[in-house]
Every structure is written in C-alpha cells, then in structure tokens.
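Summary of structural features
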4 protein chains.
Amino acid sequence: MTVAVIYGSTRADGNTEILTRQAVQGLQAEAIYLKDFDIQPIEDQRHAAGGFQDVDDDYLAVLERILPHDTLVFATPIYWYSMSGRMKNFVDRWSQTLRDHRYPAFRSSMAGKKAYVIAVGGDEPLIKGLPMIRQFQLIFDFMGMRMDGYVLGQGNKPGEVLQDQPALAAARLIRNTLKNIEGG
Amino acid sequence: MTVAVIYGSTRADGNTEILTRQAVQGLQAEAIYLKDFDIQPIEDQRHAAGGFQDVDDDYLAVLERILPHDTLVFATPIYWYSMSGRMKNFVDRWSQTLRDHRYPAFRSSMAGKKAYVIAVGGDEPLIKGLPMIRQFQLIFDFMGMRMDGYVLGQGNKPGEVLQDQPALAAARLIRNTLKNIEGG
Amino acid sequence: MTVAVIYGSTRADGNTEILTRQAVQGLQAEAIYLKDFDIQPIEDQRHAAGGFQDVDDDYLAVLERILPHDTLVFATPIYWYSMSGRMKNFVDRWSQTLRDHRYPAFRSSMAGKKAYVIAVGGDEPLIKGLPMIRQFQLIFDFMGMRMDGYVLGQGNKPGEVLQDQPALAAARLIRNTLKNIEGG
Amino acid sequence: MTVAVIYGSTRADGNTEILTRQAVQGLQAEAIYLKDFDIQPIEDQRHAAGGFQDVDDDYLAVLERILPHDTLVFATPIYWYSMSGRMKNFVDRWSQTLRDHRYPAFRSSMAGKKAYVIAVGGDEPLIKGLPMIRQFQLIFDFMGMRMDGYVLGQGNKPGEVLQDQPALAAARLIRNTLKNIEGG
C-alpha cells in the first residue's frame, strides 16, 4: 500500500497541512502540492468535432504521480464551503482523461483506490463542511473509489487547528489504519 | 431592478445556457461568460505580511460588472457535483476582495442582492445536485444575499435540457418573477 | 400502472393534501391517510430470541394496501425538517417486514416501484427540506425503488400553498407523467 | 452544568446506548429512555378553533425532565437514515408546546441549551447519517440551541460499535468537554 496526498492549499504550512501531517506522519506518503503546478480549468470539448485538445500544462504530470498509489488523501482548505478552486480544477480535468485514448484504464485504475478527505475551515466545518463531504462521496462513487474516512477540522488563524482535539484524534486514527495496512 | 447572469460554462450554447435563457429572455440582463476572462485561482495571503497582492488578471473587471446589479443568476454546468472550477475560482477570489481596502463596501453591496442558481447536469441533478445548492445557500448566507430560487436541469448531449419539462417550467416561472419586478 | 398516495398529514385538507391533489387529480389513485390508522413505533427485536413479535395494530393492513401499486406518492407535511412522525413510524416498521417470513417478497415487491415525494413546509422548504429529500432517496435506494420526482411547497396558513406557483406547476407535471403512463 | 440524555432506542443496551455511555460515564447525567414512555404523534391543531387539545400521555412529563438541564444529548439509532420514530414523535410535539400557554418560556428555555447528537447505524453512517445531522442542526437552529458536537458510530450486531475506534474516541472527547464544564 502506498499513499499520495493531494494538497489543495495555496499557502504553505497552513492548517490543512498541519492536520494532514497528523494522518500521514511516519508513512511513505507522496505529497503533491497543487499550488506548485499549472493546472488549467477544463474546456468542455466532449461534443466538439475533434474531442478534447491537449492542454499545455502540468495536469497529466500530476495525474501520473497519483495513479500508482492505492490510497489517496484529498487535503484541502474549505473555501466557500467546498474544495479550493485549484483542487476543483484538477478534479474537473478528470472528465477529459475519461475520454483520453492514452488512458483507457483511467477509471478502472482509480476504481481500486481508497480515499480520505481532510479539510479545515473556519466557519463551523463540522456542519457547513458536510455538503463538501457529500460532493467528494459522489465523486468517489462515480469513479468507483471507496471513501474510507474524512476529517473536518476547525481553524482560521495560522496553527489554530492544533486546538481542535477531535480532529487531531480522528487524523491520528487514520494514521493507525494506514500504518497497519502498510505493515501488512 | 437589473440582472446579471454569471455563466460558468466552458462551452457556448450548452445546456446550461439554453436553460438559463428561458429565465432571462426578454429581460435586460447582462451576460457575463467567465470563460472569456482570465481569472486566477486565489492565493491565500490572509496571513502574509503585506496581505493580498494585486493579481494581473480580469477578476476585478468582472466583479465590477456584477456589482451594479441587484439580481445575480449563477448559471453553471454541474461538474463533479458542484459549480465549474472556473466559477469556483471566481467565487474564491471574493475572499480577497473582502480584505481589499479599495472595496470597503463589497460585503454590504452584495448583501442587498437576490440570487438564483441555474445548473444542468447529466447524473441525476435533482438529487446529486443538492449538495451544490446547499453550498450556494451557504455562500449567499455568508454574504447576506438571498437565494430566491434555483433550477436543476437534466442534460448531457447538446440541447438535451429542452426535454426536461419541469426544469423549463421552473425557469419560466423565474422569468415571470423577474419581469414583474422589472416592470414594477 | 396504479398509484397509491400515502398521506402523513395529521390535518384534513392541509397544504400537503392540496398540493398533492394537483399531482393525482383525475387519476385512479388510492389515498391512504395514515392518521386514520393505528401504527405503533417499531420495537427493535432484530436480535431478540424469538425475533419480531406480531403487533396488534393497523400496520400490515396499510402495507397490504400499498403493495399492489407500482407508483407510490409519499405526501407529508415537513415537521421539523423531515417527514411527520406518523409517516416515520410507518417506514420504520418496514425493518420488521423485511424479517417477516410471511412477506418473503417484500423487498423485491417494493424494488419495482416508482416513488414521488410531495412535501409542504413553512420554513424555506426549498432549502431546508433538502435533507429530507436526501433521506427519502436513501430509503428508496435501500429498497431498490426509483425516485421519479419530488415537489417542495411553501405553506403555513391553510391553503397558502396555492400561492406557490413553482410547486403547483411541478405537481401538475407529475400528473402529466402519471397520466401518460396510465394511458399507455 | 447538568446533562440530560434522551434515548430514542427501542432496545436496551444497544449500540447507541453503548456509544453514548462513553460520552457521559462518570457524569451526573439524567437518562431518559423514550421507549419507557407513551408519547403520541402530534395532531396538527394549529389552525383548529380551540387550538391544540391536551393529550393524555407522558409527553409533558418527559419534557419537564429535560427542561432543567443545560446540555442535551440526543442519542438515537439511525432508523431509515434519521432519528427513530419515537424520537421524532417527541420532537414533533414541541410544535404543540410552542403554542401552549402553560409554557410561555419554552423556546427561550431551550435556546440556552447546548446539544449533542450521538447516533449509530449499520449502513455507512459517516455518509448516510449526514442528512440526519443536518436535520438536527436545523431543529437546534430553530430553537436557538447550539450544536456542540456529534458522533456517528457504525454498528449493526449487538456491541459492534465497540470496534468503531474513531467513534469511541469522539465520544470520549465529548466526555472530557462535559467534565471540564461540570468541574468549572
């Protein structure tokens, strides 16, 4: 079992990253910071004559880094009650890959993966983050992925999530699960 | 009363645009196609020394076009069970404007507005689009805006939404409401 | 095709009933008013020695009235953001029937049915009624039923729902659908 | 600070009760088992000539037991993706008390209270229990109560929830919070 963490934050060492570290510390997890890459919003060319055109950006490079892993952690700050626009742009592009003849196994490759969501927000995340959890569940369902857990942390100021004991405990329990699988 | 329609589509004359036209036909509505503008994802600099830095893109130009209107229609295809990444990037940037000393009245200006959501998706939008509706409601609540209605249409192939009679009827009822206010 | 309407109201001619009539007028629909029956809350005896014990109430009589129909309309006022307790008691008892050897085909019989939800509430039903719609969807999913549509109407005072044009229009569209199937 | 736990279970020592004990063990909490009381479904008489009529059951006796406490724990098994019908009947009756001249301070008395929800279900409670959490949030919002936390546990067979480590940890964190307040 190997783990990739997809960070949707736009700030280094933010609350989302702090909380996520509790879940992956000591594990062989590949960290992918979306903010370090140029990922363009999708252009919907499903119905265009030639189909989707290649895009000159880093999307495919990032995708190829996550494909080998069997566990994906989506770590995002909660922006306006959902994942960050950067992460949304990345997920939106999956629609293109689903029609890309160079990735005929994209969906079946994703289908085998387990997923976690770790998200931090400042405005009642335990309640107002729930539509986002449902969105992720629908995304995973569509791809055949399995959501194995999620953590919603509270934090606004730098480091504030370290005071959210239930979120820290939940993140550590994810680490225990991942460690046992890694060792197994 | 004046209306601005913010289109999150990336394809011209798509199902979302077709359905939205039913709601605004014959009205003096300003149409804003986000795909025609360069709007960068937000960089979270809330806690940076100098605060948010100016971004050299079209975000503020678009924002200034919507501010004068008192009714906003958010028209978006449902991508992965939420608004398109393009529209999400636009909304994410509001966090920057909320801290922009050149727009001290941003929140109070938005607070007076009425909002509608018109969205079309291919995967059971009446059920799987509901987390997105809740997300928009939370966004509007935060800004003090009032959600006056929403329409979730079904459509995948070009023009398919024209067969979704309940959605068309709901869009036309919005037009009646808007027309009465316009005339009043 | 035949239709049964299950009314969860506790008041005759209330807003829910008024709205539902728009959807079934002129159809051969069997109306079942739960308030006219004694339906006890479930006692969870799944893990008791002898399993579920027979209950001396009207539950099975009501159940047998809905089983022959292939379309079920769940018509309920929104009480505290969900179906009425009377309707919930009825649905809760399905857990008992799922283990009742006299109804070995209960689940498969339900699985063939189409379902509609028609609900009226006074507190922003278009938004605050959505968790209830999701709950019904999960119930139908579990039983293999198909949700074919729902209407959320606004109304508090007697007859007030007659002013909710979008809800009335949506209910009438359901009637058109049902009529076409009936004729077919 | 004093705590009342309202149990919606219909089975003694079920998973919901086991999990809830983790949250209240060692505290002076008053346990109220709804199954031990006769609480009739509400009859909506808001618009009847004489208003609501007295009901000859245990509802008011139960209500008076919870009113003195400032923290309420709603502990319910998840039946059909929401609280049990027994608990729903209890909550539905609040509509009657809101119009009962003998309880003029009902709403303001509830408004000061903090609330927790502890619920156990067998069918993916972390996801499929979320509409119920939202329903509780809306209920608490209406009454002016504050939701201070919730726990969704997984369990079907007797005692199974004891294997749900994240749920147990979350329940214990609630106990810590309650203990600190009790001591304070």
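What counts, and where the lines are drawn
- Residues numbered from 1 in each chain as written.
- Chains lettered and ligands numbered in written order.
- Predicted model: local features only at pLDDT ≥ 70, side-chain atom pairs only at ≥ 80, totals over all residues.
- Heavy atoms only, no water.
- Helix = DSSP H or I, 4+ residues; strand = E, 2+ residues; numbered from the N terminus.
- Rg over C-alpha atoms; globule rule 2.2 N^0.38 Å.
- Buried < 20%, exposed > 50% of the residue type's maximum accessible area, 1.4 Å probe, protein only.
- Contact = heavy atoms within 4.5 Å.
- Areas by Shrake-Rupley, 256 points an atom, 1.4 Å probe, with all protein chains shown as cover.
- Lys, Arg positive; Asp, Glu negative; His and termini not counted.
- Charge placed at Lys NZ, Arg CZ, Asp CG, Glu CD.
- Least-squares fit on C-alpha atoms with pLDDT ≥ 70 in both.
- Buried area = accessible area lost by both parts, 1.4 Å probe.
- Salt bridge = Lys/Arg side-chain N within 4 Å of Asp/Glu carboxyl O.
- Polar contact = N/O pair within 3.5 Å; in protein donor to acceptor, adjacent residues only side chain to side chain.
- Pairing = 2+ DSSP bridges.
- Axes fitted to C-alpha atoms, helices over the stretch in contact; angles between N-to-C directions.

Helix and strand content of chain A: eight helices and five strands. In chain A, the succession of helices and strands from N to C terminus is β-α-β-α-β-α-α-α-β-α-α-β-α. For 184 residues, the compact-globule estimate of 2.2 N^0.38 gives 16 Å, and chain A sits close to it at 16 Å. Reported as C-alpha extents along the three principal axes, the dimensions of chain A are approximately 55 × 40 × 25 Å. Here chain A holds 184 residues, and 59% of them are scored as buried. Looking at chain A alone, contacts between residues at least 24 apart form 78% of all its contacts between residues at least 6 apart. When the accessible area of chain A is evaluated, it comes to approximately 7200 Å², of which 47% is carbon and sulfur surface. For chain A, the separation between the mean place of its 20 positive charges and that of its 22 negative charges on side chains is 5 Å.

Let's shift gears to the relation of the copies chain B and chain A. Superposition of chain B onto chain A requires a rotation of 180° combined with a translation of 0.0 Å along the rotation axis, giving an RMSD of 0.0 Å. Classification of the inter-copy transformation places it as that of a two-fold axis. Residue proline 131 of chain B, judged by its C-alpha, is the member of chain B lying nearest the rotation axis, at 2.4 Å.

Before going further, it helps to spend a moment on the relation of the copies chain C and chain B. You can overlay chain C on chain B at an RMSD of 0.0 Å; the transform is a turn of 180° with a shift of 0.0 Å along its axis. With an isologous cut-off of 70% or more, the 100% of interface residues of chain C that recur at the interface of chain B puts this contact in the isologous class.

Listed as interface residues are 36 residues of chain B and, on the opposing side, 35 residues of chain A. Together, the buried faces of chain B and chain A total about 3200 Å²; carbon and sulfur atoms form 59% of this surface. Between chain B and chain A we count four salt bridges in total. Residues aspartate 44 of chain B and arginine 11 of chain A are paired through a salt bridge, measuring 3.3 Å at the closest nitrogen-oxygen approach. Taken together, the links from chain B to chain A amount to 24 residue pairs in polar contact (both at pLDDT 80 or more). Sorting the residues of the side of chain B that touches chain A by element identifies helix 3 (85-92), helix 4 (94-97) and helix 7 (130-143) of chain B as the ones contributing at least two each. The element best represented in the side of chain B that touches chain A is helix 7 of chain B, accounting for eight residues.

With that settled, consider the pairing of strand 1 (residues 3-7) of chain B. Residues and elements named next belong to chain B. Across the five residues that make up strand 1, a large majority, five, are buried. A two-sided burial pattern is seen for strand 1, the buried positions comprising Val3, Val5 and Tyr7 on one face and Ala4 and Ile6 on the other. Both strand 1 and strand 2 (residues 29-33) contribute to a ladder of five bridges, which runs parallel. Counterpart to isoleucine 6 in the pairing with strand 2 is isoleucine 32. Looking at chain direction, strand 1 and strand 3 (residues 71-77) are connected through five bridges and run parallel. For alanine 4, the partnering residue across the bridge sits in strand 3 and is leucine 72.

All names here are of chain A. Inspection of every chain in the model, using the stated rule, returns 56 salt bridges over all chains. Here aspartate 54 and arginine 102 are joined by a salt bridge, their closest N and O atoms 3.0 Å apart. Here the residue aspartate 54 occupies a position in the loop between strand 2 (29-33) and helix 2 (59-66), and arginine 102 occupies one in the loop between helix 4 (94-97) and helix 5 (106-111), the gap between them amounting to 48 residues. Look at aspartate 54 and you get exposed, because its relative accessible area is 60%. On the accessibility criterion, arginine 102 (43% relative accessible area) is partly exposed.

It is worth spelling out the sheet that holds strand 1 of chain B at this point. All names here are of chain B. With parallel pairing, five strands are arranged side by side in an open sheet as 2-1-3-4-5. Looking along the sheet, the strands with just one partner apiece sit at the ends: strand 2 and strand 5 (146-154). Sheet twist, expressed as the mean angle between neighbouring strand axes with direction ignored, is 15°. Relative to strand 4 (residues 114-121), helix 1 (residues 15-24) is tilted by about 145°, and along the sheet it contacts strand 1, strand 2, strand 3, strand 4 and strand 5. Sheet strands in contact with helix 7 are strand 3, strand 4 and strand 5, and its direction is about 160° off that of strand 5.

Right, let's talk about the interface of chain C and chain B for a bit. Contact residues are listed per partner, giving eleven residues for chain C and eleven residues for chain B. Between chain C and chain B lies a buried interface of about 990 Å² when both sides are counted; carbon and sulfur atoms form 79% of it. Of all residues in chain C, the largest losses of buried area upon contact with chain B belong to Ile127, Tyr150 and Leu173 of chain C, amounting jointly to 46% of the total for that side. Inspection of the chain C/chain B interface yields zero salt bridges.

Attention now moves to the environment of aspartate 164 of chain A. Residues and elements named next belong to chain A. Along the chain, aspartate 164 falls in the loop between strand 5 (146-154) and helix 8 (165-183). The spatial distance from the C-alpha of aspartate 164 to the C-alpha of glycine 153 is 6.6 Å, given a sequence separation of eleven residues. The contact partners of aspartate 164, leaving out residues within four places of it in the chain, are Leu152, Gly153 and Gln154. Side-chain polar atoms of aspartate 164 contact the backbone nitrogen of glutamine 154, separated by 2.8 Å.

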